[in-house]
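Close look at the chain arrangement
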Amino acid sequence: MAEETKKTTAEAACEEVVVVADVPVAEKPTTTVVEKEAPPQPEPEPEAEKVEKATAEGEKEEASEEKKVAESASFKEESNKVDDLIDPEKKALDELKKLIHEALCKREFTAPPPPPPPAAVKEEEKKVEEEPKPEEKKEEEEPKTEEKKEEEEPKTEACAEVPAAEPVKETAAVVEEKAPEPPCETVVEKIEEKVESLVEEIKETIVHEVTAPAPPPPCEEEPIAAAAVAEEKEETTPEEVSIWGIPLLADEKSDVILLKFLRARDFKVKDAFAMLKSVVTWRKEFKIDELIEEEGIINGLDKVVYIHGCDKEGHPVSYNAFGEFQDKELYNNTFADAEKRTKFLKFYIQFLEKNIRKLDFKPDGTCTIVQITDLKNSPGLLLSKKELRQATNQALQLLQDNYPEFVAKQVFVNVPWWYVAYNRMISPFLTQRTKSKFVFAGPTKTAETLLKYIAPEQIPVQYGGLSKQDAEQEFTTADPATEEIIKPACKHTVELPITEAGTFVWEARVMGWDVSYGAEFVPSAEGGYTWIVQKSRKIGPSDETVISCSFKVGETGKVVLTFDNQTSKKKKLLYRSKAKASE
């Protein structure tokens, strides 16, 4: 009894160990528990503590990553030079190139190969045609088995079917020897006639069935073999695939393109390769090459979407002014139905493609653009107008999926209070890297924000700059402007030297104005008279945005501009000047 009880306890202990082994717990704690004969309940506690510690450490790491993301709000572009990449990034680029080369050799970027399904159908048809052949063999084998049975039972030949002639003759001879009666001979003769007729029919059927299907197989195999050889030749020559006018595997420009896909997917090679294939497929479905050549897709959107100037780093600047859609006629012509919304997307994609192809894509060149989205005079448009909201969301999704890393910075200006809620709505659809490029500026901070990234001569007048979009103007974006600060409660003067006789022009602007302004000419000759060019007057915030003046002078000297700021706030002054040759 004692031994039995010991055995049962040992078995119970073994059963407990098996149960613990089924639970996802480490093996070492289970063995120590068995040796000490301690209950298995307290042993998961240290592991739970480890899990808690691990989760706590993970939370700390996530918190640190969130801090890093928050700090990365001022996004800075990475270098596109291969030599500047770190080793893991270089390795990822090489791996992506290998995958692309294999795909090009296998022609995976073209349309999915349709040949396999028909080939499979042909094989099935062949199998169906070949299936009756084994049945024929069985039919041939069945007579042999019947012949054996007839040899064993010669007396029952009159009732059974005889497939061959020779065995019948032998049996007939036996019958003649054993039974010389005339009725039996007549029966045997009738049986022989029947057997001969059956043998002839069987031979005919066998000849037709065996010889008929023999010729077709070589005729079908020859084109299949030729097609296979042609496919092998095609596979050996890699296809040529270009994107934005640049081949996928050519030179350093190709590396710049591939780095965009790698950065968009955090240098995960397989994800970047899948994205690249998806973009190539989408471009074929959307017929991008044909779309670029189309004209007059939608008219009247020149003031809604346009390129104007560049930022301080040389990126082209694209402006999107949604406030223009307050014009009901323009809104209905653009978003009234699904067909018009599709045309709007085509227009926007065409606009992007044309401007992207102007980029040089050199490692040390300009490979991205800056987008300015103006929300002025658009209160509730994106929230109340369903059609506009759908179109903008679809455009954002197309940009993120098919134009990776083409936006250096996305600046939202004249942002109203309600846009915070809208931004939260679209935020889940955007990657963290994309959101790190966003900059938001309210109506009072629009000009100040843009001047951080764009020179004043490159910013349109309506956004706080000096650039006018009129056909006739004295200055262009090539004429640089100067920025100065006017201190509160003081006068500020600017001297513009004139070194030769002729026509002298200048323009000036104070952010927010509410400042008195005047201009005069002081000749360089002693005893000369000072000329008042513009009388001093106070300019309010709603008055002229930019003051321009042209002054014809016959001697050297200087033009003195006076700005009297009597407010308690400092003001930013923008101005530029140049001398025109005398006619």
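Below is a short write-up of the structure. (Residues numbered from 1 in each chain as written. Predicted model: local features only at pLDDT ≥ 70, side-chain atom pairs only at ≥ 80, totals over all residues. Heavy atoms only, no water.)

Right, let's talk about the packing of aromatic side chains for a bit. For the structure on display, the rule yields 24 aromatic pairs. Considering the side-chain rings of Tyr331 and Phe335, the 5.3 Å spacing of their centres and the 55° angle between planes classify their relative orientation as tilted. Here Tyr331 pairs with Phe335, and both are found in helix 13 (residues 328-335), just 4 residues apart, close to one helical turn. Classification of Phe335 as buried rests on a relative accessible area of 1%. Taking the centre distance of 5.3 Å and the plane angle of 80° together, the rings of Phe412 and Phe438 count as edge-to-face. Of this pair, Phe412 sits in strand 6 (residues 407-413) while Phe438 is found in strand 7 (residues 438-440), placing the two residues 26 residues apart along the sequence. By way of ring pairs, the aromatic residues Trp244, Phe261, Trp282, Phe286, Phe361, Tyr403 and Phe406 are connected into one cluster. Note that Lys260 overlies the ring of Phe406, its terminal NZ or CZ placed 4.4 Å from the centroid. (Phe/Tyr/Trp six-rings, centres within 6.5 Å; stacked < 30°, edge-to-face > 60°. Helix = DSSP H or I, 4+ residues; strand = E, 2+ residues; numbered from the N terminus. Buried < 20%, exposed > 50% of the residue type's maximum accessible area, 1.4 Å probe, protein only. Lys NZ or Arg CZ within 6 Å of the ring centre and 35° of its normal.)

Of note, Arg107 is a non-glycine position whose phi angle comes to about 60°, a positive value. Along the polypeptide, Arg107 turns up in the loop between helix 4 (87-105) and helix 5 (116-130). Positive phi, close to 55°, is recorded for Lys287, a residue that is not glycine. Looking at the secondary structure, you find Lys287 in the loop between helix 11 (269-286) and helix 12 (288-293). By relative accessible area, which is 48% here, Lys287 ends up partly exposed.

Let us look at the side chain of Glu353. For Glu353, the location among the structural elements is in helix 14 (residues 338-356). Those residues in contact with Glu353, other than ones at most four positions away along the chain, are Trp244, Arg283, Ile288, Ile292 and Tyr403. (Contact = heavy atoms within 4.5 Å.)

Strand order in the open sheet formed by 4 strands is 9-14-11-12, and the pairing between neighbours is antiparallel. The sheet is open, and its two edges are formed by strand 9 (490-498) and strand 12 (531-539), each paired on a single side. Here the average twist between neighbouring strands, direction ignored, is 15°. Relative to strand 12, strand 11 (residues 515-523) runs antiparallel, the two sharing 6 bridges. Bridging across to strand 12, Val515 finds its partner in Ile539. (Pairing = 2+ DSSP bridges. Axes fitted to C-alpha atoms, helices over the stretch in contact; angles between N-to-C directions.)

Secondary-structure assignment places Asn402 in helix 16 (residues 386-402). Relative accessible area serves as the criterion here: at 5%, Asn402 is assigned to the buried category. If we skip the residues at most four places from it in the chain, Asn402 touches Trp244, Val279 and Trp282.

Here the focus is the sheet that holds strand 8 (residues 482-486). Ordered in space as 8-15-10-13, the 4 strands form an open sheet in which the pairing is antiparallel. Strand pairing shows two members of the sheet lacking a second neighbour, strand 8 and strand 13 (547-553), which therefore form its edges. In this sheet, neighbouring strand axes are inclined to one another by 25° on average, regardless of whether the strands run parallel or antiparallel. Where strand 10 (residues 502-510) meets strand 13, 7 bridges bridge the pair, whose relative direction is antiparallel. Its bridge partner being in strand 13, Gly502 is matched across the sheet by Val553.

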